Amino acid sequence: MKLGRLNHIGVATPSIADSVAYYRDIMGATQITEPFDLPEQGVKVCFVDTPDTGGTTGEGTQIELIEPLGEKSTLNTFMEKNPLGGQHHVCYEVADIEEARRWFEEKGKRILGPTRIGAHGTPIFFLHPKDMMGQLTEIMETPTEGAQV
Ligand SMILES: CC[C@H](C(=O)O)C(=O)SCCNC(=O)CCNC(=O)[C@H](O)C(C)(C)COP(=O)(O)OP(=O)(O)OC[C@H]1O[C@@H](n2cnc3c(N)ncnc32)[C@H](O)[C@@H]1OP(=O)(O)O
Ligand SMILES: [Co+2]
């Protein structure tokens with residue numbers, strides 16, 4: 001399997017509105033998407049663009065802001081332990097999500113649930129942090145040209 005670009009860093013927050021103000025007013029971010037809900041994932045999400053990191057796609061690694069949505073949100077346990085939020089996961093791109101799933105299974109890494117459509121509209125899965133050097137890791141298939149991202 002060939003590791004692709006670091007697509008985004010997932011950052012949990014108790015308030016996306018407060019985080020948007022922070023990235024805009026303190027960090028000088030200029031490209032921040034409108035927040036949107038992903039009820040099936042139990043999160044409210046928005047993306048903060050960072051400047052072009054010169055990667056092959058000419059795009060910067062994004063900050064994915066995630067706020068718990070509802071009582072059953074997977075984020076709630078994390079927020080109980082980290083009330084201010086903070087770095088939650090990293091997301092790497094791969095060319096073929098099913099090949100990547102087989103790769104990590106063969107390496108004995110626990111995959112958390114089925115492959116599903118993530119916040120960028122492409123297939124994703126998560127790997128357990130305890131098998132990934134302490135880092136909750138999301139794997140996503142590289143969006144095809146023109147895909148809704
Ligand atoms: C919108 C983008 C994206 C999408 O899906 O499209 C999202 O929705 S991202 C946000 C929500 N989705 C997920 O996080 C899915 C994957 N996460 C999980 O399945 C769980 O959160 C899991 C299994 C990582 C942890 O489960 P839970 O929180 O219920 O249990 P514990 O708190 O007991 O955690 C077990 C163990 O793992 C450590 N842990 C938990 N979260 C993280 C983390 N983000 N990074 C590193 N380590 C983490 C936790 O400290 C526990 O360790 P221990 O030593 O036993 O205390
Ligand atoms: Co993510």
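Here the structure is a predicted model, which means the values were calculated and not measured. (Residues numbered from 1 in each chain as written. Chains lettered and ligands numbered in written order. Predicted model: local features only at pLDDT ≥ 70, side-chain atom pairs only at ≥ 80, totals over all residues. Heavy atoms only, no water.)

Participant: Would you explain the coordination of the cobalt ion (ligand 2) in this entry?
Facilitator: Around a metal, the idealised angle for a tetrahedral arrangement of four donor atoms is 109.5 degrees; for an octahedral arrangement of six donor atoms it is 90 or 180 degrees. Protein-derived coordination of the cobalt ion (ligand 2) comes from H8 (NE2), E64 (OE), H89 (NE2) and E138 (OE), at a distance range of 2.0 to 2.4 Å. For the cobalt ion (ligand 2), the four donor atoms in the first shell make angles of 84 to 162° at the metal, a pattern classed as irregular. Binding-site remark: the cobalt ion (ligand 2) is held by donors from one chain whose sequence spacing is H-x55-E-x24-H-x48-E. With H89 in strand β5 (residues 86-94) and E138 in strand β8 (residues 137-141), this residue pair connects regions lying 49 residues apart in the sequence. Accessibility assignment for this pair places H89 and E138 in one class, buried. (Donors = N, O, S within 2.8 Å, 3.2 Å for Na, K, Ca; no water. Tetrahedral: all angles 85-135°; square planar, octahedral: opposite > 155°, others 65-115°. Helix = DSSP H or I, 4+ residues; strand = E, 2+ residues; numbered from the N terminus. Buried < 20%, exposed > 50% of the residue type's maximum accessible area, 1.4 Å probe, protein only.)

Participant: Sorry if this is basic, but what is going on with helix α3 (residues 97-106) here?
Facilitator: Turn by turn, an α-helix covers 3.6 residues, leaving residues three or four places apart pointing in a common direction. Listed in full, the buried residues belonging to α3 are I97, A100, R101 and F104. Within α3, the buried residues cover an arc of 105° as seen down the axis, which keeps them to one side. Close packing links the buried residues of α3 with β5, β6 (111-117), β7 (123-127) and β8. (Arc of directions from axis to C-beta. Contact = heavy atoms within 4.5 Å.)

Participant: What is the right way to look at the pattern of salt bridges in this model?
Facilitator: Charged atoms that come close allow side chains of opposite charge to pair. Evaluated as defined, the whole model comprises five salt bridges. Linking R24 and D25 is a salt bridge whose minimum nitrogen-to-oxygen distance equals 2.8 Å. Residue classification places R24 among the partly exposed residues on the basis of a relative accessible area of 44%. (Salt bridge = Lys/Arg side-chain N within 4 Å of Asp/Glu carboxyl O.)

Participant: Explain the packing of aromatic side chains to me, please; I cannot follow it from the model alone.
Facilitator: Scanning the model with the defined rule gives three aromatic pairs in all. On the basis of an interplanar angle of 80° and a centroid distance of 4.9 Å, the ring pair of Y22 and Y23 is categorised as edge-to-face. In this structure Y22 comes out as partly exposed when scored by relative accessible area, which is 40%. Its relative accessible area of 14% is what places Y23 among the buried residues. A centroid spacing of 6.4 Å and a plane angle of 35° characterise the contact between F36 and F47, whose relative ring orientation is tilted. Here the residue F36 occupies a position in strand β2 (residues 36-38), and F47 occupies one in strand β3 (residues 43-48), the gap between them amounting to eleven residues. The exposure class of F47 is buried, given its relative accessible area of 5%. Positioned above the aromatic ring of F125 is the side chain of R101, whose terminal nitrogen or guanidinium carbon lies 5.7 Å from the ring centre. Between K107 and the ring centre of W103, over which it is positioned, the NZ or CZ distance is 4.4 Å. (Phe/Tyr/Trp six-rings, centres within 6.5 Å; stacked < 30°, edge-to-face > 60°. Lys NZ or Arg CZ within 6 Å of the ring centre and 35° of its normal.)

Participant: Got a minute to help me understand the sheet that holds β5 in this structure?
Facilitator: The strands that make up a sheet are held in pairs by hydrogen bonds between backbone atoms, and each pair lies either parallel or antiparallel. Spatially, the eight strands line up as an open sheet ordered β2-β3-β4-β1-β5-β8-β7-β6, and their pairing is mixed. The open sheet has two edge strands with one neighbour each: β2 and β6. Adjacent strand axes in the sheet meet at a mean angle of 25°, parallel and antiparallel pairs treated alike. Sheet topology note: the strand β1 (residues 6-12)/β5 ladder contains six bridges and is antiparallel. Within β5, the residue paired with H8 across the bridge is C91. Across the face of the sheet, helix α1 (residues 16-25) comes into contact with β1, β3 and β4 (62-68) while running at roughly 155° to β4. Seen against the sheet, α3 touches β5, β6, β7 and β8 and runs at an angle of roughly 180° to β6. (Pairing = 2+ DSSP bridges. Axes fitted to C-alpha atoms, helices over the stretch in contact; angles between N-to-C directions.)

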